[in-house]
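Geometric and topological summary
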Amino acid sequence: MRVYHLGAECYPVAKVGGLADVVGALPKYQCQAGLQAAVVLPYYNRQFVREHQFDVVFVASTLLGHRRFDFEILKERDNALGFELYLIRAPGLLDRENVYSYPDETEQFIAYQLAFLDWINWSQQTPDIIHCHDHHAGLIPFLLYHSVIYKRLKHVPTVFTIHNGQYHGAFGWDKVGYLPEIDMTVGGLLDWNGGINPLAAAVKCCSKFTTVSPSYLEELKVQSNGLEHLFEMEEGRGVGVLNGIDSQVWDPANDAMIAAKFSAKKIDPGKAQNKLALCERFGLSPDKPLISFIGRLVTEKGADLLPEAVSRSLNELGDQLNILVLGTGDIYIQDELRHLLDAHPNVYNAYLGYDEKLSHLIYSGSDFLLMPSRVEPCGLNQLYALRYGTVPIVRSTGGLKDSVIDFEQPDGYGIRFEEASVDDICVAVKRAVELYQNTAQLELLRKRMMGLDFSWDQSAGQYIQLYQSLIPKL
Ligand code: ADP
(Lines give C-alpha, C1' and ligand atoms only; values in the text may rest on other atoms or scores of the structure.)
Protein backbone atom coordinates (compact mmCIF):
# COMPACT_ATOMS: atom_id res chain seq x y z
CA MET A 1 0.00 0.00 0.00
CA ARG A 2 1.51 3.31 -1.13
CA VAL A 3 0.68 6.25 1.19
CA TYR A 4 1.79 9.85 0.93
CA HIS A 5 1.72 11.97 4.10
CA LEU A 6 1.55 15.73 3.65
CA GLY A 7 1.90 18.39 6.31
CA ALA A 8 3.97 21.40 7.27
CA GLU A 9 6.19 19.73 9.90
CA CYS A 10 8.10 16.48 10.34
CA TYR A 11 10.59 15.64 13.09
CA PRO A 12 13.59 15.99 12.84
CA VAL A 13 13.43 17.95 9.57
CA ALA A 14 11.29 20.82 10.84
CA LYS A 15 9.56 20.81 14.23
CA VAL A 16 7.42 23.42 15.92
CA GLY A 17 5.15 21.13 17.94
CA GLY A 18 3.43 17.77 18.12
CA LEU A 19 2.47 17.70 14.43
CA ALA A 20 6.15 17.15 13.64
CA ASP A 21 6.42 14.27 16.10
CA VAL A 22 3.46 12.50 14.51
CA VAL A 23 4.48 13.03 10.88
CA GLY A 24 8.01 11.93 11.78
CA ALA A 25 6.88 8.73 13.51
CA LEU A 26 3.62 7.37 12.06
CA PRO A 27 5.09 6.70 8.58
CA LYS A 28 8.07 4.93 10.14
CA TYR A 29 5.78 2.55 12.00
CA GLN A 30 3.64 2.09 8.90
CA CYS A 31 6.74 1.11 6.92
CA GLN A 32 7.67 -1.35 9.65
CA ALA A 33 4.17 -2.81 9.24
CA GLY A 34 4.85 -3.36 5.52
CA LEU A 35 3.32 -0.21 3.97
CA GLN A 36 5.20 2.04 1.59
CA ALA A 37 4.66 5.27 3.49
CA ALA A 38 6.40 8.46 2.39
CA VAL A 39 6.40 12.06 3.62
CA VAL A 40 6.31 15.08 1.34
CA LEU A 41 7.24 18.41 2.96
CA PRO A 42 7.95 21.92 1.76
CA TYR A 43 11.69 22.46 1.50
CA TYR A 44 13.10 24.19 4.59
CA ASN A 45 16.55 25.65 4.76
CA ARG A 46 17.37 23.98 8.08
CA GLN A 47 20.05 21.89 9.72
CA PHE A 48 18.66 18.43 8.85
CA VAL A 49 18.28 19.39 5.20
CA ARG A 50 21.78 20.87 5.01
CA GLU A 51 23.31 17.79 6.65
CA HIS A 52 21.66 15.14 4.44
CA GLN A 53 22.04 14.20 0.80
CA PHE A 54 19.15 14.65 -1.61
CA ASP A 55 18.63 13.69 -5.24
CA VAL A 56 16.49 15.71 -7.60
CA VAL A 57 13.83 13.30 -8.87
CA PHE A 58 11.49 15.67 -10.69
CA VAL A 59 11.63 19.19 -12.10
CA ALA A 60 8.71 21.23 -13.43
CA SER A 61 6.96 24.55 -13.29
CA THR A 62 3.36 25.35 -12.54
CA LEU A 63 0.99 28.27 -12.11
CA LEU A 64 -0.04 29.97 -8.90
CA GLY A 65 -2.71 32.25 -10.31
CA HIS A 66 -0.89 34.27 -12.97
CA ARG A 67 2.53 33.58 -11.47
CA ARG A 68 4.54 30.70 -12.91
CA PHE A 69 6.94 29.10 -10.44
CA ASP A 70 9.63 26.48 -10.91
CA PHE A 71 9.84 23.62 -8.47
CA GLU A 72 11.85 20.48 -7.95
CA ILE A 73 11.20 17.36 -5.92
CA LEU A 74 14.15 16.26 -3.80
CA LYS A 75 14.37 12.76 -2.38
CA GLU A 76 16.46 12.04 0.69
CA ARG A 77 19.08 9.52 -0.38
CA ASP A 78 19.66 7.23 2.61
CA ASN A 79 16.18 6.65 4.03
CA ALA A 80 17.60 8.10 7.25
CA LEU A 81 14.19 8.43 8.89
CA GLY A 82 12.91 4.95 8.12
CA PHE A 83 10.63 6.19 5.34
CA GLU A 84 11.02 8.02 2.02
CA LEU A 85 11.28 11.76 2.53
CA TYR A 86 10.57 14.18 -0.31
CA LEU A 87 10.99 17.94 -0.20
CA ILE A 88 9.39 20.36 -2.61
CA ARG A 89 11.71 23.22 -3.38
CA ALA A 90 10.54 26.34 -5.17
CA PRO A 91 12.89 29.32 -4.98
CA GLY A 92 11.18 32.30 -3.37
CA LEU A 93 8.20 30.24 -2.16
CA LEU A 94 9.34 26.96 -0.70
CA ASP A 95 12.90 27.44 0.52
CA ARG A 96 12.46 29.09 3.90
CA GLU A 97 14.13 28.72 7.23
CA ASN A 98 11.05 28.84 9.45
CA VAL A 99 7.93 26.80 9.09
CA TYR A 100 5.28 29.44 9.79
CA SER A 101 4.48 33.13 10.08
CA TYR A 102 5.45 34.46 6.69
CA PRO A 103 3.10 37.14 5.30
CA ASP A 104 2.52 35.07 2.15
CA GLU A 105 1.78 31.85 4.04
CA THR A 106 -1.35 31.29 1.95
CA GLU A 107 0.63 31.36 -1.30
CA GLN A 108 3.41 29.27 0.28
CA PHE A 109 1.16 26.38 1.25
CA ILE A 110 -1.03 26.50 -1.86
CA ALA A 111 2.16 26.28 -3.96
CA TYR A 112 3.23 23.27 -1.87
CA GLN A 113 -0.05 21.45 -2.46
CA LEU A 114 -0.18 22.25 -6.19
CA ALA A 115 3.40 21.13 -6.74
CA PHE A 116 2.68 17.83 -4.97
CA LEU A 117 -0.42 17.15 -7.05
CA ASP A 118 1.31 18.14 -10.30
CA TRP A 119 4.23 15.89 -9.48
CA ILE A 120 2.20 12.75 -8.85
CA ASN A 121 -0.11 13.56 -11.74
CA TRP A 122 2.58 14.21 -14.31
CA SER A 123 4.78 11.34 -13.15
CA GLN A 124 1.80 9.00 -13.51
CA GLN A 125 1.84 7.90 -9.87
CA THR A 126 -1.37 6.62 -8.31
CA PRO A 127 -0.97 6.31 -4.55
CA ASP A 128 -3.42 4.13 -2.64
CA ILE A 129 -4.00 6.82 -0.01
CA ILE A 130 -3.14 10.48 0.37
CA HIS A 131 -3.00 11.38 4.07
CA CYS A 132 -3.14 15.13 4.75
CA HIS A 133 -2.32 16.69 8.13
CA ASP A 134 -3.86 20.00 9.27
CA HIS A 135 -4.91 22.92 7.11
CA HIS A 136 -1.56 23.36 5.34
CA ALA A 137 -2.46 20.29 3.27
CA GLY A 138 -6.21 20.80 3.59
CA LEU A 139 -6.98 21.89 0.02
CA ILE A 140 -5.71 18.64 -1.49
CA PRO A 141 -8.97 16.64 -1.12
CA PHE A 142 -10.96 19.43 -2.80
CA LEU A 143 -8.42 19.86 -5.61
CA LEU A 144 -8.20 16.14 -6.19
CA TYR A 145 -11.93 15.65 -6.52
CA HIS A 146 -13.00 18.96 -8.07
CA SER A 147 -10.22 20.24 -10.28
CA VAL A 148 -10.37 19.12 -13.90
CA ILE A 149 -6.60 18.88 -14.24
CA TYR A 150 -6.31 16.17 -11.57
CA LYS A 151 -9.19 14.04 -12.77
CA ARG A 152 -6.87 11.06 -13.33
CA LEU A 153 -6.48 10.91 -9.52
CA LYS A 154 -10.15 11.44 -8.67
CA HIS A 155 -10.61 7.96 -7.21
CA VAL A 156 -7.65 8.16 -4.75
CA PRO A 157 -9.01 8.13 -1.16
CA THR A 158 -7.88 10.93 1.15
CA VAL A 159 -7.56 10.89 4.93
CA PHE A 160 -7.40 14.21 6.74
CA THR A 161 -6.05 14.35 10.29
CA ILE A 162 -6.83 17.29 12.55
CA HIS A 163 -3.97 17.94 14.94
CA ASN A 164 -5.23 21.39 15.83
CA GLY A 165 -8.72 22.58 14.96
CA GLN A 166 -8.11 26.12 16.20
CA TYR A 167 -6.12 27.08 13.10
CA HIS A 168 -7.91 26.98 9.74
CA GLY A 169 -5.60 28.76 7.27
CA ALA A 170 -8.59 30.79 6.02
CA PHE A 171 -8.18 33.39 3.26
CA GLY A 172 -10.37 35.54 1.05
CA TRP A 173 -12.22 34.57 -2.11
CA ASP A 174 -10.06 37.10 -3.97
CA LYS A 175 -7.37 34.39 -4.00
CA VAL A 176 -9.55 31.66 -5.52
CA GLY A 177 -7.61 32.16 -8.76
CA TYR A 178 -4.67 30.32 -7.18
CA LEU A 179 -6.67 27.10 -7.40
CA PRO A 180 -6.50 25.71 -10.94
CA GLU A 181 -9.55 24.95 -13.08
CA ILE A 182 -11.95 24.13 -10.30
CA ASP A 183 -15.58 23.25 -10.77
CA MET A 184 -17.29 26.34 -9.34
CA THR A 185 -20.65 24.59 -9.04
CA VAL A 186 -19.11 22.97 -5.94
CA GLY A 187 -17.22 26.11 -4.86
CA GLY A 188 -19.32 26.10 -1.67
CA LEU A 189 -17.23 23.19 -0.44
CA LEU A 190 -14.34 25.61 -0.01
CA ASP A 191 -16.38 28.16 1.88
CA TRP A 192 -16.97 28.82 5.54
CA ASN A 193 -18.39 32.12 6.73
CA GLY A 194 -17.71 33.90 3.47
CA GLY A 195 -14.05 32.92 3.07
CA ILE A 196 -12.04 29.99 1.74
CA ASN A 197 -11.37 27.77 4.72
CA PRO A 198 -8.87 24.94 4.02
CA LEU A 199 -9.65 23.09 7.25
CA ALA A 200 -13.40 23.14 6.59
CA ALA A 201 -12.87 22.22 2.93
CA ALA A 202 -10.76 19.24 3.96
CA VAL A 203 -13.36 17.99 6.42
CA LYS A 204 -16.09 18.33 3.78
CA CYS A 205 -14.17 16.75 0.90
CA CYS A 206 -11.87 14.06 2.36
CA SER A 207 -12.89 10.41 2.37
CA LYS A 208 -12.57 10.23 6.16
CA PHE A 209 -11.20 12.64 8.74
CA THR A 210 -9.54 11.76 12.00
CA THR A 211 -8.77 13.63 15.19
CA VAL A 212 -5.73 12.84 17.31
CA SER A 213 -7.81 11.59 20.23
CA PRO A 214 -11.39 10.29 20.60
CA SER A 215 -12.35 13.03 23.10
CA TYR A 216 -11.15 15.75 20.73
CA LEU A 217 -13.61 14.55 18.10
CA GLU A 218 -16.38 15.39 20.56
CA GLU A 219 -14.83 18.65 21.69
CA LEU A 220 -14.57 20.08 18.16
CA LYS A 221 -18.38 20.24 18.20
CA VAL A 222 -18.23 22.77 21.02
CA GLN A 223 -14.84 24.43 20.52
CA SER A 224 -13.31 24.76 17.08
CA ASN A 225 -13.02 28.47 16.41
CA GLY A 226 -16.27 28.77 14.46
CA LEU A 227 -16.45 25.32 12.85
CA GLU A 228 -18.60 23.75 15.58
CA HIS A 229 -21.63 23.40 13.31
CA LEU A 230 -19.52 21.77 10.60
CA PHE A 231 -18.25 19.15 13.04
CA GLU A 232 -21.78 18.42 14.18
CA MET A 233 -22.91 17.90 10.60
CA GLU A 234 -19.91 15.81 9.56
CA GLU A 235 -19.72 13.79 12.77
CA GLY A 236 -20.36 10.46 11.04
CA ARG A 237 -17.24 10.73 8.88
CA GLY A 238 -14.83 11.37 11.74
CA VAL A 239 -12.76 8.89 13.74
CA GLY A 240 -10.67 9.59 16.85
CA VAL A 241 -7.28 7.83 16.92
CA LEU A 242 -5.06 8.59 19.89
CA ASN A 243 -1.53 9.52 18.80
CA GLY A 244 1.28 7.23 19.71
CA ILE A 245 4.84 8.17 20.54
CA ASP A 246 8.03 7.18 18.82
CA SER A 247 9.31 4.87 21.51
CA GLN A 248 12.68 4.64 19.78
CA VAL A 249 13.28 8.40 19.98
CA TRP A 250 11.68 8.69 23.42
CA ASP A 251 13.37 5.90 25.30
CA PRO A 252 14.98 6.60 28.70
CA ALA A 253 17.03 3.41 28.38
CA ASN A 254 18.57 4.62 25.15
CA ASP A 255 18.36 8.39 25.05
CA ALA A 256 21.60 10.19 24.18
CA MET A 257 20.07 13.55 25.15
CA ILE A 258 19.75 12.81 28.88
CA ALA A 259 22.35 12.73 31.65
CA ALA A 260 21.84 9.11 32.77
CA LYS A 261 19.86 6.26 31.27
CA PHE A 262 17.19 4.31 33.17
CA SER A 263 14.34 1.88 32.62
CA ALA A 264 11.17 0.63 34.33
CA LYS A 265 13.21 -2.20 35.84
CA LYS A 266 15.79 0.14 37.32
CA ILE A 267 14.52 3.67 37.63
CA ASP A 268 17.12 4.95 40.08
CA PRO A 269 19.84 6.06 40.26
CA GLY A 270 19.34 7.06 36.58
CA LYS A 271 16.27 9.22 37.04
CA ALA A 272 17.70 10.83 40.17
CA GLN A 273 20.91 11.67 38.28
CA ASN A 274 18.90 13.42 35.59
CA LYS A 275 17.13 15.43 38.27
CA LEU A 276 20.45 16.34 39.78
CA ALA A 277 21.82 17.49 36.41
CA LEU A 278 18.70 19.54 35.79
CA CYS A 279 18.70 21.11 39.25
CA GLU A 280 22.39 21.97 39.00
CA ARG A 281 21.88 23.64 35.64
CA PHE A 282 18.92 25.72 36.86
CA GLY A 283 20.00 26.40 40.44
CA LEU A 284 17.22 24.32 41.99
CA SER A 285 17.36 21.98 44.92
CA PRO A 286 17.19 18.24 44.10
CA ASP A 287 15.62 17.16 47.39
CA LYS A 288 12.36 19.00 46.69
CA PRO A 289 9.71 17.87 44.21
CA LEU A 290 10.34 19.30 40.74
CA ILE A 291 7.28 20.32 38.73
CA SER A 292 7.96 21.32 35.12
CA PHE A 293 6.07 22.77 32.18
CA ILE A 294 7.13 22.30 28.56
CA GLY A 295 5.26 23.83 25.66
CA ARG A 296 4.12 26.73 23.60
CA LEU A 297 3.38 29.71 25.84
CA VAL A 298 -0.13 30.38 24.52
CA THR A 299 -3.59 30.51 26.11
CA GLU A 300 -4.53 27.25 24.34
CA LYS A 301 -1.98 25.53 26.60
CA GLY A 302 -3.14 27.47 29.68
CA ALA A 303 0.30 29.09 29.81
CA ASP A 304 -1.25 32.48 30.67
CA LEU A 305 -2.23 30.92 34.02
CA LEU A 306 1.31 29.86 34.83
CA PRO A 307 2.77 33.09 36.26
CA GLU A 308 0.08 33.47 38.92
CA ALA A 309 -0.11 29.72 39.59
CA VAL A 310 3.68 29.58 40.04
CA SER A 311 3.87 32.50 42.46
CA ARG A 312 0.79 31.48 44.43
CA SER A 313 1.98 27.86 44.78
CA LEU A 314 5.43 28.93 45.87
CA ASN A 315 4.04 31.47 48.35
CA GLU A 316 1.43 29.10 49.79
CA LEU A 317 3.61 26.04 50.03
CA GLY A 318 6.46 27.92 51.58
CA ASP A 319 8.96 27.02 48.92
CA GLN A 320 8.54 23.28 49.46
CA LEU A 321 8.89 22.66 45.74
CA ASN A 322 10.76 23.64 42.57
CA ILE A 323 9.13 24.81 39.38
CA LEU A 324 10.81 24.89 35.96
CA VAL A 325 9.37 26.21 32.68
CA LEU A 326 10.61 25.52 29.14
CA GLY A 327 8.70 27.37 26.49
CA THR A 328 8.38 30.08 23.96
CA GLY A 329 5.35 31.98 22.72
CA ASP A 330 3.30 35.05 23.62
CA ILE A 331 5.59 37.88 24.67
CA TYR A 332 3.44 38.99 27.61
CA ILE A 333 3.54 35.49 29.12
CA GLN A 334 7.30 35.31 28.61
CA ASP A 335 7.69 38.69 30.32
CA GLU A 336 5.58 37.66 33.31
CA LEU A 337 7.48 34.40 33.68
CA ARG A 338 10.76 36.29 33.48
CA HIS A 339 9.67 38.80 36.13
CA LEU A 340 9.05 35.96 38.59
CA LEU A 341 12.71 34.96 38.52
CA ASP A 342 13.80 37.64 40.99
CA ALA A 343 10.98 36.92 43.41
CA HIS A 344 11.67 33.18 43.64
CA PRO A 345 15.37 32.43 43.25
CA ASN A 346 16.51 28.81 43.84
CA VAL A 347 12.98 27.40 43.58
CA TYR A 348 11.84 28.63 40.17
CA ASN A 349 13.53 28.97 36.83
CA ALA A 350 12.52 29.34 33.20
CA TYR A 351 14.22 28.76 29.85
CA LEU A 352 12.29 30.93 27.43
CA GLY A 353 13.27 29.40 24.13
CA TYR A 354 13.07 26.19 22.12
CA ASP A 355 15.50 23.41 23.02
CA GLU A 356 14.78 19.83 21.99
CA LYS A 357 17.66 18.36 24.01
CA LEU A 358 16.68 20.20 27.16
CA SER A 359 13.12 18.93 26.78
CA HIS A 360 14.42 15.34 27.02
CA LEU A 361 16.35 16.19 30.19
CA ILE A 362 13.26 17.81 31.71
CA TYR A 363 11.01 14.84 30.93
CA SER A 364 13.57 12.53 32.50
CA GLY A 365 14.66 14.65 35.48
CA SER A 366 11.33 16.09 36.67
CA ASP A 367 9.01 14.50 39.19
CA PHE A 368 5.86 16.02 37.70
CA LEU A 369 4.88 17.60 34.39
CA LEU A 370 2.13 20.23 34.47
CA MET A 371 -0.29 20.64 31.53
CA PRO A 372 -3.09 23.09 32.33
CA SER A 373 -4.31 23.12 28.70
CA ARG A 374 -7.56 24.78 27.70
CA VAL A 375 -7.49 22.77 24.46
CA GLU A 376 -5.40 19.65 23.94
CA PRO A 377 -6.20 17.68 20.77
CA CYS A 378 -3.93 14.84 21.93
CA GLY A 379 -0.95 16.17 23.80
CA LEU A 380 2.29 14.29 23.49
CA ASN A 381 4.07 15.77 26.49
CA GLN A 382 2.07 13.69 28.95
CA LEU A 383 2.91 10.55 26.96
CA TYR A 384 6.63 11.41 27.03
CA ALA A 385 6.35 12.13 30.76
CA LEU A 386 4.78 8.71 31.37
CA ARG A 387 7.56 7.03 29.43
CA TYR A 388 10.16 8.80 31.63
CA GLY A 389 8.43 8.00 34.92
CA THR A 390 7.28 11.58 35.46
CA VAL A 391 3.78 12.03 36.88
CA PRO A 392 1.60 14.13 34.53
CA ILE A 393 -0.59 16.80 36.17
CA VAL A 394 -3.23 17.50 33.55
CA ARG A 395 -6.45 19.33 33.01
CA SER A 396 -9.19 16.86 32.00
CA THR A 397 -9.57 17.73 28.34
CA GLY A 398 -9.07 16.13 24.91
CA GLY A 399 -6.26 13.64 24.68
CA LEU A 400 -5.21 14.35 28.27
CA LYS A 401 -8.52 12.90 29.39
CA ASP A 402 -7.99 9.88 27.13
CA SER A 403 -4.50 9.07 28.36
CA VAL A 404 -4.19 10.04 32.04
CA ILE A 405 -6.04 8.35 34.93
CA ASP A 406 -5.91 10.07 38.31
CA PHE A 407 -3.75 8.14 40.78
CA GLU A 408 -6.64 7.89 43.24
CA GLN A 409 -8.66 5.87 40.68
CA PRO A 410 -8.09 2.14 40.11
CA ASP A 411 -4.91 1.61 38.07
CA GLY A 412 -4.35 5.37 38.03
CA TYR A 413 -1.00 7.14 37.78
CA GLY A 414 -1.48 10.87 37.13
CA ILE A 415 -3.07 13.92 38.67
CA ARG A 416 -6.14 15.38 36.99
CA PHE A 417 -8.06 18.60 37.54
CA GLU A 418 -11.19 20.00 35.92
CA GLU A 419 -10.91 23.72 35.30
CA ALA A 420 -8.23 25.70 33.49
CA SER A 421 -7.92 28.06 36.47
CA VAL A 422 -5.20 29.16 38.86
CA ASP A 423 -7.23 27.71 41.76
CA ASP A 424 -7.41 24.25 40.23
CA ILE A 425 -3.74 24.28 39.26
CA CYS A 426 -2.72 25.20 42.81
CA VAL A 427 -4.83 22.40 44.30
CA ALA A 428 -3.26 19.92 41.85
CA VAL A 429 0.25 21.18 42.68
CA LYS A 430 -0.51 20.70 46.38
CA ARG A 431 -1.62 17.12 45.70
CA ALA A 432 1.66 16.58 43.83
CA VAL A 433 3.73 17.86 46.76
CA GLU A 434 1.82 15.54 49.12
CA LEU A 435 2.26 12.59 46.79
CA TYR A 436 5.99 13.29 46.65
CA GLN A 437 6.23 12.77 50.42
CA ASN A 438 4.89 9.23 49.98
CA THR A 439 8.00 7.68 48.47
CA ALA A 440 6.62 4.15 48.29
CA GLN A 441 3.53 5.24 46.39
CA LEU A 442 5.52 7.45 44.04
CA GLU A 443 7.83 4.57 43.25
CA LEU A 444 4.87 2.34 42.46
CA LEU A 445 3.31 4.96 40.20
CA ARG A 446 6.60 5.44 38.35
CA LYS A 447 6.83 1.74 37.62
CA ARG A 448 3.20 1.67 36.52
CA MET A 449 3.64 4.64 34.19
CA MET A 450 6.79 3.32 32.62
CA GLY A 451 5.10 -0.01 31.96
CA LEU A 452 2.34 1.60 29.86
CA ASP A 453 2.49 1.25 26.10
CA PHE A 454 1.54 4.39 24.18
CA SER A 455 3.78 3.55 21.23
CA TRP A 456 2.68 3.84 17.63
CA ASP A 457 2.53 0.06 17.45
CA GLN A 458 -0.97 0.46 18.89
CA SER A 459 -2.30 3.43 16.91
CA ALA A 460 -0.54 2.87 13.58
CA GLY A 461 -2.66 -0.27 13.13
CA GLN A 462 -5.86 1.74 13.49
CA TYR A 463 -4.82 3.98 10.61
CA ILE A 464 -3.98 0.99 8.47
CA GLN A 465 -7.45 -0.45 9.08
CA LEU A 466 -8.94 2.89 8.15
CA TYR A 467 -6.94 2.99 4.90
CA GLN A 468 -8.03 -0.54 4.05
CA SER A 469 -11.67 0.38 4.53
CA LEU A 470 -11.27 3.23 2.00
CA ILE A 471 -9.35 1.51 -0.77
CA PRO A 472 -11.79 0.41 -3.48
CA LYS A 473 -12.09 -3.36 -3.61
CA LEU A 474 -11.42 -4.81 -7.04
P1 ADP B 1 1.51 21.26 20.28
O2 ADP B 1 1.79 20.56 19.01
O3 ADP B 1 0.10 21.76 20.38
O4 ADP B 1 2.49 22.33 20.59
P5 ADP B 1 1.99 18.71 21.58
O6 ADP B 1 1.87 18.31 23.01
O7 ADP B 1 1.24 17.91 20.59
O8 ADP B 1 1.63 20.25 21.49
O9 ADP B 1 3.55 18.65 21.18
C10 ADP B 1 4.48 19.47 21.71
C11 ADP B 1 5.85 18.97 21.27
O12 ADP B 1 6.71 20.10 21.19
C13 ADP B 1 6.48 18.03 22.27
O14 ADP B 1 7.39 17.18 21.58
C15 ADP B 1 7.26 19.00 23.19
O16 ADP B 1 8.30 18.35 23.88
C17 ADP B 1 7.76 19.99 22.16
N18 ADP B 1 8.04 21.34 22.66
C19 ADP B 1 7.14 22.33 22.88
N20 ADP B 1 7.77 23.45 23.28
C21 ADP B 1 9.09 23.15 23.33
C22 ADP B 1 10.27 23.91 23.68
N23 ADP B 1 10.19 25.18 24.05
N24 ADP B 1 11.46 23.29 23.59
C25 ADP B 1 11.54 21.99 23.21
N26 ADP B 1 10.48 21.23 22.87
C27 ADP B 1 9.27 21.80 22.93
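Residues numbered from 1 in each chain as written. Predicted model: local features only at pLDDT ≥ 70, side-chain atom pairs only at ≥ 80, totals over all residues. Heavy atoms only, no water.

**With respect to the packing of helix α9 (residues 306-316) against helix α14 (residues 422-437)**
Heads up, the rule is: Geometry is summarised by axes, namely lines fitted to C-alpha atoms with helices restricted to the contacting stretch, and by angles between N-to-C directions that run from 0 to 180 degrees. Labels follow the DSSP assignment, with helices taken as runs of H or I lasting at least four residues and strands as runs of E lasting at least two, numbered in each case from the N terminus. Note on terminology: angles under 35 degrees are roughly parallel, angles over 145 are roughly antiparallel, angles of 65 to 115 are roughly perpendicular, and the others are oblique. When the near helix sits turned anticlockwise from the far one by under a right angle, the crossing is termed left-handed; a clockwise turn instead gives a right-handed crossing. Residues count as neighbours in contact if any of their non-hydrogen atoms are within 4.5 Å of one another.
Relative orientation of the contacting elements α9 and α14 amounts to 45°, with a least axis distance of 9 Å. As judged from the angle between their axes, α9 and α14 are oblique. Judged by the twist between their axes, the crossing of α9 over α14 is right-handed. Here Glu-308, Ala-309, Arg-312 and Ser-313 of α9 come into contact with α14, specifically with Val-422, Asp-423, Ile-425, Cys-426 and Val-429.

**Digging into the layout of surface pockets**
Condition: With a 1 Å grid laid over protein atoms only, a set of points is called a cavity when a 1.4 Å probe fits there but cannot get out and a pocket when it is open yet has protein on both sides within 12 Å along at least five of seven lines; lining residues have an atom within 4 Å of a point. Grid points are joined across faces, edges and corners, and a volume is the space filled by probe spheres set on the points. Three residue categories are used. Nonpolar comprises Ala, Val, Leu, Ile, Met, Phe, Trp, Tyr, Cys and Pro, charged comprises Asp, Glu, Lys and Arg, and polar comprises the others, including Gly.
Reported here for the second largest pocket is a volume of approximately 370 Å³. Contributing to the lining of the second largest pocket are 15 residues, with Pro-12, Val-13, Arg-46, Gln-47 and Phe-48 lying nearest its centre. Considered class by class, the residues forming the lining of the second largest pocket number six nonpolar, three polar and six charged.

**Overview of the environment of Leu-81**
What counts, and what does not: Throughout, exposure labels follow a simple rule: accessible area from a 1.4 Å probe, protein chains only, divided by the maximum for the residue type, with under 20% read as buried, over 50% as exposed, and the rest as partly exposed.
Along the chain, Leu-81 turns up in the loop between β4 (67-76) and β5 (84-89). Looking at Leu-81, the relative accessible area reads 12%, which means it is buried. Taking the C-alpha atoms as reference points, Leu-81 and Glu-280, 199 residues apart in sequence, are found 34 Å from one another. Sequence-distant contacts of Leu-81, defined by excluding residues within four places in its chain, comprise Pro-12, Val-13, Lys-28, Phe-48 and Glu-76.

**Quick look at the pairing of strand β16 (residues 391-395)**
So the rule is basically this: Only strands that DSSP links by at least two bridges are regarded as paired with each other.
Most of β16 sits inside the fold, with five of its five residues counted as buried. A two-sided burial pattern is seen for β16, the buried positions comprising Val-391, Ile-393 and Arg-395 on one face and Pro-392 and Val-394 on the other. When strand β15 (residues 368-371) meets β16, the two strands line up parallel, connected through four bridges. Considered in β16, the bridge of Phe-368 is made with Val-391. Pairing of β16 with strand β17 (residues 415-417) involves three bridges; the strand directions are parallel.

**Focus: the pattern of salt bridges**
Short version of the rule: Throughout this description, the term salt bridge denotes a Lys or Arg side-chain nitrogen within 4 Å of a carboxyl oxygen of Asp or Glu.
Evaluated as defined, the whole model comprises 21 salt bridges. One salt bridge in this structure joins Asp-104 and Arg-96, with 2.7 Å as the shortest N-O distance. Judged by its relative accessible area of 22%, Asp-104 falls in the partly exposed class. A salt bridge links Glu-308 to Arg-312; the shortest N-O distance between them is 3.2 Å.

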